[in-house]
Amino acid sequence: MTQENEFTTLLNSTSTVESVYELIHSNVYEKKKAEHFAETSSPPAVQREESFDKIYSFAGWSLNSVKNTRTRALAAVEEELSFVDMLCHKNKKEIKNNSTFLRELDVAVGSEKGGLTFPAPEIQPFYHDLDGEVRELINVKNHKKYGKSLLRIAEDSLLSNLELSDSFDKCVKDLRRESSPETVKTVCKELILKYLHVREGEFKAAMEELALKDRGAVVNASQNLRDTLKTFSIREKRKR
């Protein structure tokens, strides 16, 4: 039966519309399938070599794009460094005179790592606020409750804390000068995370020390905690 006869027969059936669509789709499918096999069975066309002018234009664009991206990134980093430098206390002698803890330290020379860095008076209220929030999160109760997930939970909580962001903005409003809002936001985020991490590291060290004491190990304050833990672990294995 020819397609014309099929079409005539379908017009007289009870499901004319559905059948017509089915016939059309079937014919289109067969046509596309034939075209596909014809394309795949024929030998591939020989690729024409591109002109040097076009290659060089694309290459030049890619190089210029990378250069501009890195230049913008470098400018952003330089702006952030300049802003962070404003947040550091410049008069170390004043710090030494006003701090009981630091009076015995030679702050003019600095530590063995290249010098001690202290926050400027303007941002000290921010650090007081931050420390309070960190200690609300990093404690024995939450450590038992959340375990290894505690640090991630603390990070998310602190970074979403609008009161901390507002505290930082108020403290640096006279220091930011030409720093962009994005720079201020980025530096604030980094300071929060770094402070959290050093506090969390101190907390973990204290927890390890307590665990050693509970197990009867003696912790030498002048010895690195990691070495102490390794030594104690070896002794325990030998006892067994």
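About the cut-offs
Each chain has its residues counted from 1, running along the sequence as written. It should be noted that, the model being predicted, local features are given only for residues of pLDDT at least 70 and side-chain atom pairs only at 80 or more, the latter also being counted only at that level, while totals for whole chains, interfaces and linings use all residues. Each side-chain value is derived from all of the structure's non-hydrogen atoms; neither hydrogens nor water enter the calculation. The helix count covers DSSP runs of H or I at least four residues long, the strand count covers runs of E at least two residues long, and both are numbered beginning at the N terminus. Only protein chains enter the area calculation, which uses a 1.4 Å probe; residues under 20% of their type maximum are buried, those over 50% are exposed, and those in between are partly exposed. By definition in these notes, contact holds between two residues if any of their heavy atoms fall within 4.5 Å. Where accessible areas are quoted, they stem from the Shrake-Rupley method and a 1.4 Å probe; at the residue level, only the protein chains shown are allowed to cover. Here the aromatic set is Phe, Tyr and Trp, taking the six-membered ring for Trp, and pairing holds for ring centres within 6.5 Å; pairs whose planes are under 30 degrees apart are stacked, those over 60 apart are edge-to-face, and all others are tilted. When we speak of the arc, we mean the arc of directions from the helix axis to the C-beta atoms. As a per-residue measure, pLDDT tells how confident the predictor is, with possible values from 0 to 100. In what follows, a disulfide is any cysteine sulfur pair within 2.5 Å. Whenever Lys or Arg places a side-chain nitrogen within 4 Å of a carboxyl oxygen from Asp or Glu, that contact is recorded as a salt bridge.

**Student:** Explain the overall build of the chain to me, please; I cannot follow it from the model alone.
**Tutor:** Of the regular secondary structure elements, the chain holds 10 helices and zero strands. Counting the 240 residues in the chain, one finds 21% classified as buried. In the chain, the proportion of contacts linking residues at least 24 apart, taken out of those at least 6 apart, comes to 60%. A total accessible area of about 18,800 Å² is found for the chain, and carbon and sulfur atoms account for 54% of it.

**Student:** When you look at the packing of aromatic side chains in this model, what are you seeing that I'm missing?
**Tutor:** The relation between two aromatic rings is expressed through the spacing of the ring centres and the mutual angle of the planes. All chains considered together, the criterion is met by four aromatic pairs. Measuring from centroid to centroid gives 5.0 Å for phenylalanine 126 and phenylalanine 168, while their planes differ by 70 degrees, and the two rings are edge-to-face. Highlighted residues: phenylalanine 126 in helix α5 (residues 124-137) and phenylalanine 168 in helix α8 (residues 162-172), separated in sequence by 42 residues. Across this residue pair, the class does not change: phenylalanine 126 and phenylalanine 168 are buried.

**Student:** Help me understand α8, please; the structure alone is not making it clear to me.
**Tutor:** Residues lying three or four places apart along an α-helix face the same way, a consequence of the helix completing one turn every 3.6 residues. Inspection of α8 places Leu164, Ser167, Phe168, Cys171 and Val172 among the buried residues, and these make up the whole buried set. Down the axis of α8, the sector holding all buried residues measures 115 degrees, keeping them to one side. For α8, exposure combined with an orientation more than 90 degrees from the buried face picks out Leu162, Glu163 and Lys170. Buried residues belonging to α8 abut α3 (52-86), α5, α7 (150-159) and α9 (181-214).

**Student:** Mind showing me how you'd approach the confidence of the model for the chain here?
**Tutor:** Low pLDDT means the predicted coordinates in that region are not meant to be read closely. Residues of the chain with pLDDT of at least 70 account for 59%, and the chain-wide mean is 75. Mean pLDDT across the elements of the chain bottoms out in helix α10 (residues 225-239) (50) and peaks in α7 (96). Counting contacts from residues 107-114, a segment whose pLDDT is below 50, to residues more than four positions away or on other chains yields eight contacts.

**Student:** Would you explain the state of the cysteines in this entry?
**Tutor:** Among covalent bonds in proteins, the disulfide is the one between the sulfur atoms of two cysteines. This structure, assessed with the given rule, holds zero disulfides. Note on cysteine 171: no disulfide assigned, nearest cysteine sulfur contributed by cysteine 188 at a separation of 9.9 Å.

**Student:** How should the pattern of salt bridges be read in this particular structure?
**Tutor:** Think of it this way: side chains of opposite charge can pair up when their charged atoms draw near. Under the definition given, this model contains four salt bridges. For the salt bridge of arginine 135 with aspartate 131, the shortest nitrogen-to-oxygen distance reads 2.7 Å. Of this pair, arginine 135 and aspartate 131 both sit in helix α5, four residues apart, which is roughly one turn of the helix. For glutamate 202, the salt bridge is made with arginine 199, and the minimal N-O distance between the two is 3.1 Å. Separated by three residues within a single helix, glutamate 202 and arginine 199 lie in helix α9, roughly one turn from each other. A relative accessible area of 26% places arginine 199 in the partly exposed class. Through salt bridges with shared partners, a single ionic network connects Asp131, Arg135, Arg199 and Glu202.

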